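Given next are the chains, with one letter for each unit.
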Amino acid sequence: MRRDRRALGAIYEEKAADYLRERGYAIRARNYHDRYGELDIVAEKDGVLVIVEVKYRSGTRFGDPLEAVTPQKQRRICRAAMGYFAACGLGAEQACRFDVIGITGDGAIRHIENAFPFQM
């Protein structure tokens, strides 16, 4: 079951990466993880590092996929982003934002730029 969910997640993360590339983003990393958490996609556009969380839902029975990025999940993403910055030697001068891409069973993609602020 877990492996099936991972495989399904990989398919939709690839769709999200393709969507971003089509809009001029350069993909810097996929599935970066450290002890603090995981980053689905790390992209860059116009000098801004963009941390992208991808959520898929086959339907809305359990809510919109964008609603799944709770404040707790946002904090985990921010901590993982700090780890990414450290691992890549990036400093506080590097512009960064956090986006969320929601994909539904009908293939619709919703991209929320600057979906949440950095938080600890």
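Quick caveat: nothing in here was measured; it's all calculated off a predicted structure.

(A) Representation of helix H2 (residues 71–88) in the model. Here H2 is 18 residues long and its end C-alpha atoms lie 26 Å apart, about the 26 Å a rise of 1.5 Å per residue gives. Of the residues making up H2, those classed as buried are Lys73, Gln74, Ile77, Cys78, Ala80, Ala81, Gly83, Tyr84 and Phe85. Considering only its buried residues, H2 is in contact with strand E1 (26–34), strand E2 (37–45), strand E3 (48–57), strand E4 (96–104) and strand E5 (109–116). Gly89 sits one or two positions beyond H2 and adopts a positive phi of about 70 degrees.

(B) A look at unusual backbone geometry. A positive phi angle is found at Asn31, which is not glycine, with a value near 55 degrees. Positionally, Asn31 belongs in strand E1. Positive phi outside glycine occurs at Asp46, with the angle close to 55 degrees.

(C) Here's a closer look at the nonpolar core. Of all hydrophobic cores here, the largest spans 17 residues; its most connected members are Leu39, Val42, Ile51, Ile77, Tyr84, Phe98 and Phe116. Breaking this core down by element, the ones donating at least two residues are E1, E2, E3, H2 and E4. In terms of residue count, the dominant contributor to this core is H2 (six residues). When sequence neighbours within four positions are dropped, the list of residues in contact with Tyr84 reads Arg28, Ala29, Tyr32, Asp34, Leu39, Val42, Leu49 and Leu90.

(D) Structural view of the pattern of salt bridges. A full pass over the atoms with the stated rule returns nine salt bridges. The residue Glu53 makes a salt bridge to Lys55 at a minimum N-O spacing of 3.5 Å. A single burial state applies to Glu53 and to Lys55, both of which are buried. The partner of Arg97 in a salt bridge is Glu113, with the nearest N and O atoms 3.8 Å apart. Placement of Arg97 in strand E4 and of Glu113 in strand E5 is noted, with a sequence separation of 16 residues between them.

(E) Quick peek at the side chain of Glu53. Assignment of secondary structure puts Glu53 in strand E3. On the basis of relative accessibility, which here comes to 3%, the residue Glu53 falls in the buried class. Among all residues touching Glu53, those that are not within four sequence positions of it are Asp40, Val69, Lys73, Ile77, Asp99, Val100 and Ile101.

(F) Summary view of the sheet that holds E1. Spatial ordering of the open sheet is given by E1-E2-E3-E4-E5, a layout of five strands whose pairing is mixed. Where the open sheet ends on each side, the last strands, each with one partner, are E1 and E5. When strand polarity is set aside, the average angle formed by the axes of neighbouring strands in this sheet is 30 degrees. Here E3 pairs with E4 via nine bridges, running parallel. In the sheet register, Val52 faces E4, and the bridge partner there is Asp99. Running at roughly 110 degrees to E1, H2 makes contact with E1, E2, E3, E4 and E5 of the sheet.

(G) Representation of the environment of Lys45 in the model. Positionally, Lys45 belongs in strand E2. The contact partners of Lys45, leaving out residues within four places of it in the chain, are Arg23, Gly24 and Tyr25.

Rules behind the numbers
The numbers attached to residues start from 1 for each chain and follow its sequence in the written order. Residue-level local features of this predicted model are given only where pLDDT is at least 70; pairs of side-chain atoms are given and counted only at 80 or more, and the full residue set underlies all totals for whole chains, interfaces and linings. Side-chain figures throughout are based on the complete set of non-hydrogen atoms in the structure, without hydrogens or water. The secondary structure listing takes helices from DSSP runs of H or I that are at least 4 residues long and strands from runs of E that are at least 2 residues long, numbered from the N terminus. One fewer than the residue count of a helix, multiplied by 1.5 Å, yields its expected span. In this scheme, a residue with accessible area under 20% of its type's maximum is buried, one over 50% is exposed, and one in between is partly exposed, where area comes from a 1.4 Å probe on protein chains only. We call two residues in contact when some of their heavy atoms are within 4.5 Å. Only buried residues count toward a nonpolar core. Its members are Ala, Val, Leu, Ile, Met, Phe, Trp, Tyr and Cys residues joined through side-chain atoms within 4.5 Å. Whenever Lys or Arg places a side-chain nitrogen within 4 Å of a carboxyl oxygen from Asp or Glu, that contact is recorded as a salt bridge. When DSSP finds at least two bridges between two strands, those strands are taken to pair. In this analysis an axis means a line fitted to C-alpha atoms, helices contributing only their contacting stretch, and an angle means the value between N-to-C directions, from 0 to 180 degrees.

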